[in-house]
Amino acid sequence: MKYKKGDIVLIQSSAGKAIPKFHVKLLKKIVVNPSKGRSMDWPGYTGWEATPIYQKEVDMLRKQWQISFHKANEDLTFIFEEDIIKKVKTS
């Protein structure tokens, strides 16, 4: 699925399935290509700078999971594109 700046998506944290799913707005796409190192090869990845959009979800993640969000539409986080479950709203 193709995502673009401004899309609102539902994500599952890569930290584990016990953490509830939450909604974010995609802000900036980041693509890192695979590269060769001296002792190992580094895989590439695609991800997004994003911001949580619902204060209710931010409060729950901070209080129950000690995730350091404070304000919806202000805090920034990085999410891997593979952690996106579905697009909820298109920009």
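For the structure, see preceding data.
Presented here is an overview of the structure given in this document. (Residues numbered from 1 in each chain as written. Predicted model: local features only at pLDDT ≥ 70, side-chain atom pairs only at ≥ 80, totals over all residues. Heavy atoms only, no water.)

Quick notes on the side chain of Asp-7
Locating Asp-7 in the fold gives a position in the segment before strand 1 (8–11). When its relative accessible area of 0% is taken as the criterion, Asp-7 is described as buried. At 2.9 Å, the side chain of Asp-7 and the backbone nitrogen of Lys-4 are in polar contact. (Helix = DSSP H or I, 4+ residues; strand = E, 2+ residues; numbered from the N terminus. Buried < 20%, exposed > 50% of the residue type's maximum accessible area, 1.4 Å probe, protein only. Polar contact = N/O pair within 3.5 Å; in protein donor to acceptor, adjacent residues only side chain to side chain.)

Some details on the nonpolar core
Formed by 15 residues in total, the largest nonpolar core has its most connected members in Val-9, Ile-11, Val-24, Leu-26, Ile-79 and Ile-84. Of all the secondary structure elements, the ones that give two or more residues to this core are strand 1, strand 2 (22–32), strand 5 (45–52) and helix 1 (55–65). For Val-9, the residues in contact, after removing those within four places along its chain, are Tyr-3, Phe-22, His-23, Val-24, Leu-26, Ile-84, Lys-86, Lys-87 and Val-88. (Core = buried A, V, L, I, M, F, W, Y, C linked by side-chain atoms within 4.5 Å. Contact = heavy atoms within 4.5 Å.)

Regarding unusual backbone geometry
Of note in this structure, Gln-66 is not a glycine but carries a positive phi near 55°. Along the chain, the position of Gln-66 falls in the loop between helix 1 and strand 6 (77–80). The backbone phi angle of Asn-73 is positive, close to 65°, even though this residue is not glycine. Structurally, Asn-73 can be placed in the loop between helix 1 and strand 6.

So, the environment of Ile-67
Mapped onto the secondary structure, Ile-67 falls in the loop between helix 1 and strand 6. Through-space distance from the C-alpha of Ile-67 to that of Lys-25 is 17 Å; in sequence the pair is 42 residues apart. With near-sequence residues (within four places) excluded, Ile-67 lies in contact with Ile-19, Leu-61 and Arg-62.

Here's the deal with the packing of aromatic side chains
All chains considered together, the criterion is met by four aromatic pairs. Between Tyr-45 and Phe-80 the ring centres are 5.6 Å apart and the planes differ by 80°, which places this aromatic pair in the edge-to-face class. Taken together, the positions of Tyr-45 in strand 5 and Phe-80 in strand 6 put the pair 35 residues apart, joining distant regions of the chain. Exposure remark for Tyr-45: the relative accessible area of 37% places this residue in the partly exposed category. You can call Phe-80 partly exposed: its relative accessible area is 30%. Ring centres of Phe-78 and Phe-80 lie 5.2 Å apart, and the angle between their planes is 90°; this geometry places the pair in the edge-to-face category. Judged by its relative accessible area of 33%, Phe-78 falls in the partly exposed class. A network of ring pairs unites the aromatic residues Tyr-45, Phe-78 and Phe-80 as a single cluster. (Phe/Tyr/Trp six-rings, centres within 6.5 Å; stacked < 30°, edge-to-face > 60°.)

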